[in-house]
Each structure stands twice: as C-alpha cells, then as structure tokens.
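Overview (structure and organization)
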Amino acid sequence: MRTATIREIPMMEQPTALEGGASQAGKPGIPGPRHADIIYRSATPTDGARMWEFVQAAGTLELNPSYAYILLCQHFGDTCLVADKDGEIVGFVLAYIPPRQDDTVFVWQVGVSTKVRKRGVGIQLLRHLLALDGCRNVRYIEASITPSNRPSQNLFRSFARKWGVPCRKIPFFPAEFFPEKHEAEDLFRVGPLEWPEA
C-alpha cells in the first residue's frame, strides 16, 4: 500500500489533549501530546468510497460522485488525508497542488464527524496536510467557500490565526458561472507560511 511521508512541522500552538495523532504500522502520523486516539494518515483509493459514505451520511457537505473521491485519492494521495479513530473515518481532507502553483495546496473538501467536533480535528487535518511530503514546497493554503458555509470560513480563519498569518478572501467563481442553482464561491488564501531553517 502506497503511503505518503509525513514530516514534522511547526506546532503553532500546543494542541489540546484530544487533538493528537499517533503512528501505527503502515499508518504514518505525527504523535500528539496526550490521548492520541485519532490517527492522521495519507489517503488511499480504498478510502474514497468511505469518504463518499461519510459525506452522504453527514448531510451538510456537498456530495460529489463516488468516483471523484476514489480518483482524487488515487491521483493526489500525497495531498489527501483521513482522520481515523478505532477504524472509523472521523474526518478527511481532499487537496491537490494546482498546476502552475507549486507553492499552494488547494483544499477541495474537508469534513469532520460530529463525533469529534470541538476537538480541533479540522485544524489538525490542515496541520497534518502540510506535514505530508507532497506539501514540502507549500507556502499557501487555498479553498473556495460559499458565503453560507460559516464553519469552513471559521476553520481557515482559525488556522491562519494559530499560524499567525493572513487569511485573505477573494472573489472566485460568481453564481452565474454555475449551470444549476449555486452560491458564489470565494477564495480563502492562507499564508505565506514560513518554515524553520533545516
């Protein structure tokens, strides 16, 4: 099974007792300080179906075809993560490096289960995303977010605050771009992220 290397990154703020991840055989992760009951690992194509089921069950996330989740995990496994608790996916992030923007990782979708809400899992997913070897050159995180999606807006703004960098909101796709009824999408851009000297 192909897995991506996870490297250590700046801690920003000390995580709470419930925000950690731990390593298991074949599942790389950055150990948390305490109560490390959630494993953050790179995604594989077999996780795609479970992500689709996760989104379908959540009812609050935009559900895409199952093929999209499987394909993204296959092609961009080095920049996709799952949060695993006792064998169950309790969070995930699908992301990729856009063409001609090798210093940026674009987060296509992120989801956190209600079972682990208020535990900082969303922040940790982004932190572990940056720790993946596929993000070694990344200095910016981007995501397109609709005006009504306040949880996602708060996640990226909170991450920017914890890292101590700006979070810019830029008009991205207007509503008239979409053939169906769809809100406009704003681009949230977090960075520049500074890395310590090797």
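Presented here is a report on the structure given in the accompanying data block. (Residues numbered from 1 in each chain as written. Predicted model: local features only at pLDDT ≥ 70, side-chain atom pairs only at ≥ 80, totals over all residues. Heavy atoms only, no water.)

This part covers helix H1 (residues 45–58). Along its 14 residues, H1 runs 21 Å from first to last C-alpha, staying within 8% of the 20 Å computed at 1.5 Å per residue. Buried residues of H1: Asp47, Gly48, Met51, Phe54 and Val55, and no others. Looking straight down H1, one finds that the buried residues subtend no more than 125 degrees of arc, so they occupy a single side. Exposed side of H1, more than 90 degrees from the buried face: Thr46 and Ala57 are the residues found there. On the buried face of H1, the contacting elements are strand S1 (39–42), helix H2 (66–75), strand S2 (81–85), strand S3 (88–96) and strand S4 (104–112). Among the residues trailing H1, Gly59 stands out with phi positive, at a value near 75 degrees. (Helix = DSSP H or I, 4+ residues; strand = E, 2+ residues; numbered from the N terminus. Expected span 1.5 Å × (residues − 1). Buried < 20%, exposed > 50% of the residue type's maximum accessible area, 1.4 Å probe, protein only. Arc of directions from axis to C-beta. Contact = heavy atoms within 4.5 Å.)

Put simply, Gly191 and Pro192 share a cis peptide bond, and its omega is 5 degrees. Counting through the fold element by element, Pro192 comes out in the segment after strand S7 (185–190). Within the chain, Asp86 stands out as a residue other than glycine whose phi angle is a positive 55 degrees. In this fold, Asp86 is placed in the loop between S2 and S3. A relative accessible area of 71% means that Asp86 is categorised as exposed. One non-glycine residue with positive phi stands out, namely Lys118, at about 70 degrees. On the secondary structure map, Lys118 appears in the loop between S4 and helix H3 (121–131).

Let us now look at the sheet that holds strand S5 (residues 140–145). Pairing is mixed in the open sheet, where 7 strands are placed in the order S1-S2-S3-S4-S5-S7-S6. The strands lining the two open edges of the sheet, one partner per strand, are S1 and strand S6 (167–173). Across the sheet, the axes of successive neighbouring strands diverge by a mean angle of 30 degrees, strand direction being ignored. The strands touched by H3 within the sheet are S1, S2, S3, S4 and S5, with S4 carrying the most contacts at an inclination of about 150 degrees. (Pairing = 2+ DSSP bridges. Axes fitted to C-alpha atoms, helices over the stretch in contact; angles between N-to-C directions.)

Our focus in this paragraph is the state of the cysteines. Tallied over the full model, the rule gives 0 disulfides. With no disulfide of its own, Cys135 has Cys80 as its nearest cysteine by sulfur position, at a separation of 9.4 Å. Here Cys135 falls in the buried class, since its relative accessible area comes to 0%. (Disulfide = S-S within 2.5 Å.)

The next point concerns H3. Counting buried residues in H3 gives 11 out of 11 residues, a clear majority hidden from the surface. Of all the positions in H3, only Val121, Gly122, Ile123, Gln124, Leu125, Leu126, Arg127, His128, Leu129, Leu130 and Ala131 are classed as buried. Buried positions along H3 lie against S1, S2, S3, S4, S5 and helix H4 (150–163).

This brings us to the environment of Glu142. Residue placement: Glu142 occurs in strand S5. Relative accessible area serves as the criterion here: at 6%, Glu142 is assigned to the buried category. Spatially, the C-alpha atom of Glu142 lies 6.1 Å from that of Val107, the residues being 35 residues apart in sequence. For Glu142, the contacting residues outside a window of four places in its chain are Gln101, Thr104, Val105, Phe106, Val107, Leu187, Phe188 and Arg189. At 2.4 Å, the side chain of Glu142 forms a polar contact with the side chain of Arg189. (Polar contact = N/O pair within 3.5 Å; in protein donor to acceptor, adjacent residues only side chain to side chain.)

At their nearest, the axes of H3 and H4 sit 10 Å apart, and the two run at 60 degrees to each other. Seen from above, H3 lies across H4 with right-handed handedness. Across the interface between the two elements, Gly122, Ile123, Leu126, Arg127 and Leu130 of H3 pack against Leu155, Phe156, Ser158, Phe159, Lys162 and Trp163 of H4. The residue makeup of the contact of H3 with H4, split by class, is 7 nonpolar, 2 polar and 2 charged. (Left-handed = near helix turned anticlockwise from the far one by under 90°. Nonpolar A, V, L, I, M, F, W, Y, C, P; charged D, E, K, R; others polar.)

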